[in-house]
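Fold and contact review
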Amino acid sequence: MTSILVFVEHVRGTPRRASLETLGAATATGLAPIALVTGPDAANTAAALSAAGAKKLVVVTGADKYSPDGTAADIAAAVTAHGAKAFLAAATSTGKDLLGRVAGLLDSAPLADCTAFSFAGGTFTLQRPILAGKAIATVQSKSAVLCATLRPNTFAVASGSGAAEVSTVATKGGKVVVIGVAAKGDAKLDVKEAPVVVSGGRGLREAAGFKIVEDLAAAFGNAAVGASRAVVDSGWRPHGEQVGQTGKTVAPQLYIAVGISGAIQHLAGMRTSKVIVAINKDAAAPIFKVADYGIVGDAFEILPALTAAVKAVKASN
Ligand SMILES: Cc1cc2nc3c(=O)[nH]c(=O)nc-3n(C[C@H](O)[C@H](O)[C@H](O)COP(=O)(O)OP(=O)(O)OC[C@H]3O[C@@H](n4cnc5c(N)ncnc54)[C@H](O)[C@@H]3O)c2cc1C
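Being a predicted model, the structure only gives us computed values, none of them experimental.

Considerations on the overall build of the protein
Counting its secondary structure elements, the protein contains 9 helices and 17 strands. The globule rule puts the C-alpha radius of gyration for 317 residues at 20 Å, and the 21 Å found for the protein is close to it. Across the protein, contacts joining residues at least 24 apart in sequence account for 66% of those joining residues at least 6 apart. Entry remark: accessible area of the protein is about 14,500 Å², with carbon and sulfur atoms responsible for 55%. For the protein, the centre of its 30 positive side-chain charges and the centre of its 22 negative side-chain charges are spaced 4 Å apart.

A few points about the domain arrangement of the protein
For the protein, the assigned domains read domain 1 (3-170) and domain 2 (196-316). Placing a centre on the C-alpha atoms of domain 1 and another on those of domain 2 gives a separation of 31 Å. The partner domain 2 presents 9 residues to the 9 residues of domain 1 that form the contact. Buried area between domain 1 and domain 2, both sides added, is near 690 Å², and the carbon and sulfur share of it is 57%. The largest contributions to the domain 1 side of the interface with domain 2 come from Ala132, Arg151 and Asn153, which together make up 63% of the buried area. The interface formed by domain 1 and domain 2 holds 0 salt bridges in total.

Observations concerning the packing of helix H5 (residues 211-220) against helix H9 (residues 299-316)
At their nearest, the axes of H5 and H9 sit 9 Å apart, and the two run at 15° to each other. Judged by the inter-axis angle, H5 sits roughly parallel to H9. In this structure, H5 crosses over H9, and the sense of that crossing is left-handed. The segment H5 lies against H9, with Ile212, Val213, Asp215, Leu216, Ala219 and Phe220 engaging Ala299, Phe300, Leu303, Pro304, Leu306, Thr307, Val310, Lys311 and Lys314. Its residues assigned to classes, the contact of H5 with H9 comprises 11 nonpolar, 1 polar and 3 charged.

A look at the pairing of strand E16 (residues 275-280)
Of all 6 residues making up E16, 5 are buried, and the element is well covered by its neighbours. As paired strands, strand E15 (residues 254-258) and E16 are joined by 5 bridges and run parallel to one another. Opposite Val258, over in E16, you have Ile279 as the bridge partner. Pairing between E16 and strand E17 (residues 293-296): 4 bridges, direction parallel. Each residue of the ladder has a partner; that of Ala278, found in E17, is Gly294.

Topic: the sheet that holds strand E9 (residues 123-130)
Taken in spatial order, the 3 strands of this open sheet run E8-E9-E10, and their pairing is antiparallel. Two strands lie at the open edges of the sheet, namely strand E8 (116-120) and strand E10 (135-139), each paired on one side alone. Sheet twist, expressed as the mean angle between neighbouring strand axes with direction ignored, is 20°. As paired elements, E8 and E9 share 5 bridges and run antiparallel to each other. Pairing of Ser118 across the sheet is with Thr125, part of E9.

About the criteria used
Residues numbered from 1 in each chain as written. Predicted model: local features only at pLDDT ≥ 70, side-chain atom pairs only at ≥ 80, totals over all residues. Heavy atoms only, no water. Helix = DSSP H or I, 4+ residues; strand = E, 2+ residues; numbered from the N terminus. Rg over C-alpha atoms; globule rule 2.2 N^0.38 Å. Contact = heavy atoms within 4.5 Å. Areas by Shrake-Rupley, 256 points an atom, 1.4 Å probe, with all protein chains shown as cover. Lys, Arg positive; Asp, Glu negative; His and termini not counted. Charge placed at Lys NZ, Arg CZ, Asp CG, Glu CD. Domains from an automatic or database assignment. Buried area = accessible area lost by both parts, 1.4 Å probe. Salt bridge = Lys/Arg side-chain N within 4 Å of Asp/Glu carboxyl O. Axes fitted to C-alpha atoms, helices over the stretch in contact; angles between N-to-C directions. Parallel < 35°, antiparallel > 145°, perpendicular 65-115°, else oblique. Left-handed = near helix turned anticlockwise from the far one by under 90°. Nonpolar A, V, L, I, M, F, W, Y, C, P; charged D, E, K, R; others polar. Buried < 20%, exposed > 50% of the residue type's maximum accessible area, 1.4 Å probe, protein only. Pairing = 2+ DSSP bridges.

The structure is reproduced here in structure tokens:
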């Protein structure tokens, strides 16, 4: 049966949600998804990946530290060994790191950050936002093996049954090895993966103005704080929170833009969010053109009321 090889990222044996979504997109085609995992605790992902639709699991052994070129070589070898017709990864930092390398090894054209993925009549069809998100390109690949990354928060996680058949293969090793990663000191959700993102802009006046954004995000419980470039450039927020063309691309269930004008470069990073709420005191702000719900008014009056309302709903559930 035609198969799709999906690279799965995991944290100490727990697969990342973005990878499970990618596996879900592969499963939805009706083809056979093969998950490839590497690094310490890779084998511990087996149950979770079987439950998310994987029919086979390739565990790469001997790769205790992440090697971009080594992992790409392991993926390309597994694609060839299993005769897979496609390689998929989530469009995360690691997925981006691997896509070009794997595509190079397989002589394939890489398709990054896709938002739709299907298979019919022997051909894969994908969609990708282009021109800073202003248009959607529908693309097909003539390469022997399709290589693509899929945007997080865009595809559903599948539910599988049975246990995936597990095989192990020794890593080929690479020339570059990441010897350490400095983890953030907090356990905050990343804007790319959070189901709710509350983003703030220059309308919050100063760094301390973000307190009302943080309070609303905390009230949701599953929300990350995002930011426009203007406030990141001003040093109010870290770059890791920046949403937009030169920041992160997000597609949460709910995106709340607070005091953000809606410049094209900001919209490029959030316009595929499922529901967009804009809060801005200027009724003519461009953000309202992409918003599903708009509130014209002062963020410093609206956000505390919204936070109280969210807390009240949570308390009553
Ligand atoms: C090459 C390039 C790349 C870029 N990349 C990015 C990017 O990745 N991400 C990004 O965000 N930008 C990016 N920008 C910058 C972008 O063009 C805008 O300058 C930026 O997004 C504006 O940020 P802002 O909306 O916070 O500020 P502003 O445009 O100043 O808007 C502030 C908004 O707050 C509103 N406001 C003021 N007070 C209140 C209040 N009390 N209550 C409610 N609303 C209020 C105002 O009406 C206004 O609409 C890029 C620009 C360039 C040239």
